[in-house]
Every structure is written in C-alpha cells, then in structure tokens.
Amino acid sequence: MDLTIRNVSKTYANGTQALRNVSLTIPPGMYGLLGPNGAGKSTLMRILATLQEPDTGEIHLGGIDVVRQKHELRGTLGYLPQEFGVYPNMRAEELLDYFALLEGIRGRLARREVVERLLRQTNLWDMRRQKLGGFSGGMRQRFGVAVALLGNPRLMIVDEPTAGLDPAERVRFLNLLSELGENSVVLLSTHIVEDVEELCTHMAVVNRGEILLEGEPLREVQAL
Ligand code: ADP
Ligand code: ADP
C-alpha cells in the first residue's frame, strides 16, 4: 500500500516557504528523504504525522486521507521525532509499560509480553531496569522505536535519527530500522547520504522545499 503525496505546499506564518508543490509516491519498505538542514524534511514529516497541516495538497495512505482523517491515520502511525523526549527518572520497562497501557493494552500479562518483545527487538532488554536519564543517544533512539512500534504501525516516520549517534550506534540503529521495512512504509529523513545508500530501496532528494529527484539510491547517489 503506497503513501501518496500530491502537490503539498506549506508556508510558515513568517513567510518561510518550507514546502513547494511536493509530490511523491512512497511504496512499502525503506524510503529515504535526503536533504540538507532547512530543506523542509521535518516539515514534511510533521505533516505526515498529522502534527501540522499543509496549506494545499493531498496525502493518502491506502484508503486513508492523511490530512482529513487524522484519527484513522494515528491508529496506524509510528512517529519518532528528531528529539525523542523521555522522562529521565523512569525505567525503560516502566515507561514502555505505561505507553502500552495508553495504547489500550489492558491486561498486565499481555503488556508484559509486548514490552519484553519490543525491548528485545530493540536490544534494550538488558537495560530494562535502568533509568532513561542514563541512556545514550542511541539507546534513547532505540527506545523511541520501541514506543513507536507499540501501535503496529503501517506507516513509520523517523526524522533524522542518526544525527547524534556514534558510528557503532548508528549501524545498530540502521539495522533495527531495516527489519521494520518488511511490512510497512518506513520513511527516514536524513542529511547523511550513506544512511540512504545502505538502507533504502527508494529515495528522494529535497532542497529548499522542492523535490530535486526521486528514484533508487544507487543510481541517484552516483549521479549527485
Ligand atoms: P532542523 O533544521 O534540524 O530540522 P529546525 O530548523 O526545523 O531544525 O528547528 C527545530 C524547531 O524550531 C522546530 O520545532 C521548528 O518548528 C522550529 N523552527 C525552525 N525554524 C524556525 C523559524 N524560522 N521560526 C520559528 N520556529 C522555527
Ligand atoms: P529540515 O528538517 O530539512 O531541516 P525544516 O522542515 O525544519 O527543514 O525547515 C524548513 C524551513 O522552514 C527552514 O527554513 C526552517 O527554518 C523553516 N521552519 C521550520 N519550522 C518553522 C516554524 N515553525 N516557523 C517558521 N519557519 C520554520
């Protein structure tokens, strides 16, 4: 099921034109949105996550109108913002359990199962009793993925996840993302060419709010 973006534009109140007539067709799998700082990536990500509205344009995921049917989309959305804020005094296991409860998983045992599966999947099981305040940037990002996965998202939005990570954490994080791309749309925004090259089956390059090119990473990156 594709995510289709048609003629989306967004101008901020101060006159900054963040997106100009953006159109993209994003198939299931790992999709990279590559561009420098200020290109408009976060704006597009926030619009797709229904946290902002475009001035004009249409966005659909399967039968869902992303702009007008926010609630339908939110039920099937995973969003990892650029800076995933956590509660420093809570333990990983405790906070994930809390988010699972908010997600509507009522039974204690059911929650325990889900929490364990997600903490293992994100390689955080051994850290489950540690306080989030002591987590490294990479650990926090992986925790953010665990939270995002609670809702079994069909659309996963990951905004500049590797920016602050050391090389080992970055590889670990990218490997985790690549496992997610198997049955949903995973949209990764980044200014790092290698993130897209190593991971994505499709990509677009955005600059000054415009799509410069769209295609398959190997071919397009070589042409840059
Ligand atoms: P990045 O370039 O790393 O994506 P941003 O420039 O988007 O970071 O800035 C991060 C935050 O600051 C966002 O919440 C964004 O909405 C806000 N922001 C960015 N530029 C402006 C601006 N010119 N005026 C007001 N808020 C801004
Ligand atoms: P990127 O994520 O690629 O760095 P952004 O979407 O954050 O790009 O920003 C695109 C442009 O919009 C930038 O010029 C930025 O300063 C501006 N911008 C972002 N958020 C805001 C905001 N809340 N108010 C005004 N300008 C903003």
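Sequence order sets the numbering: in each chain, residues are counted from 1 along the sequence as written. Written order decides the labels, with chains lettered from A and ligands numbered from 1. Note on the predicted model: pLDDT of at least 70 is required for a residue's local features to be given, and 80 or more for side-chain atom pairs to be given and counted; whole-chain, interface and lining totals, by contrast, use all residues. Hydrogen atoms and water are omitted, and side-chain values are computed over all heavy atoms in the structure.

What follows concerns the packing of helix H3 (residues 92-102) against helix H4 (residues 108-121). Taken N-terminus to C-terminus, the directions of H3 and H4 make an angle of 125°; their axes are 10 Å apart at the nearest point. In terms of their interaxial angle, H3 and H4 are classed as oblique. Handedness of the H3/H4 crossing: right-handed. Across the interface between the two elements, Glu93, Leu96, Asp97, Ala100 and Leu101 from H3 touch Arg111, Val115, Leu118 and Leu119 from H4. Under this grouping Gly is polar, as are all residues other than the nonpolar Ala, Val, Leu, Ile, Met, Phe, Trp, Tyr, Cys and Pro and the charged Asp, Glu, Lys and Arg. A per-class count over the contact of H3 with H4 returns six nonpolar, no polar and three charged. The axes are straight lines fitted to the C-alpha atoms, using for helices just the contacting stretch, and the angles between their N-to-C directions are given from 0 to 180°. Secondary structure elements follow DSSP: runs of H or I of four or more residues count as helices, runs of E of two or more count as strands, with numbering from the N terminus. We call two directions roughly parallel when the angle between them is under 35 degrees, roughly antiparallel when it is over 145, roughly perpendicular when it lies between 65 and 115, and oblique otherwise. By convention, the crossing between two helices is left-handed when the near helix turns anticlockwise from the far helix through less than a right angle, and right-handed when the turn is clockwise. Note on definitions: a residue-residue contact is assigned when non-hydrogen atoms from the two residues lie within 4.5 Å.

This next bit is on the layout of surface pockets. Estimates place the volume of the largest pocket at around 410 Å³. Grid points spaced at 1 Å over the protein atoms alone were grouped into cavities, where a 1.4 Å probe fits but cannot get out, and pockets, open sets with protein on both sides within 12 Å along at least five of seven lines, with lining residues defined by an atom within 4 Å of a point. Taken together, 18 residues form the lining of the largest pocket, with Leu77, Gly78, Tyr79, Glu103 and Val147 sitting closest to its centre. Counting residues per element, the ones that place at least two in the lining of the largest pocket are strand S6 (77-80), H3 and helix H5 (137-149). Residues belonging to the lining of the largest pocket are distributed by class as follows: 11 nonpolar, five polar and two charged. Grid points are joined across faces, edges and corners, and a volume is the space filled by probe spheres set on the points.

Excluding glycine, most residues fall at negative phi; most peptide bonds, likewise, are trans. Its identity is not glycine, yet Glu160 carries a phi of approximately 45°, on the positive side. Locating Glu160 in the fold gives a position in the loop between strand S7 (155-159) and helix H6 (167-180). Backbone geometry at Arg208 places phi at a positive 50°, although glycine is not the residue there. Relative to the assigned elements, Arg208 resides in the loop between strand S9 (202-207) and strand S10 (210-215).

Attention shifts here to the pattern of salt bridges. Just to be clear on terms, a salt bridge is a Lys or Arg side-chain nitrogen sitting within 4 Å of an Asp or Glu carboxyl oxygen. Under the counting rule described, the total for this entry stands at 11 salt bridges. Its salt-bridge partner being Lys70, residue Glu53 comes within 2.5 Å of it at the nearest N-O pair. Taken together, the residues span a long stretch of sequence, with Glu53 in the loop between helix H1 (41-48) and strand S4 (56-61) and Lys70 in helix H2 (residues 70-74) at a distance of 17 residues. Between Arg68 and Asp65 there is a salt bridge, with its nearest N and O atoms 2.7 Å apart. What emerges from the salt-bridge pattern is a single network uniting Glu58, Asp65 and Arg68.

What is shown is where atoms sit, not what they do.
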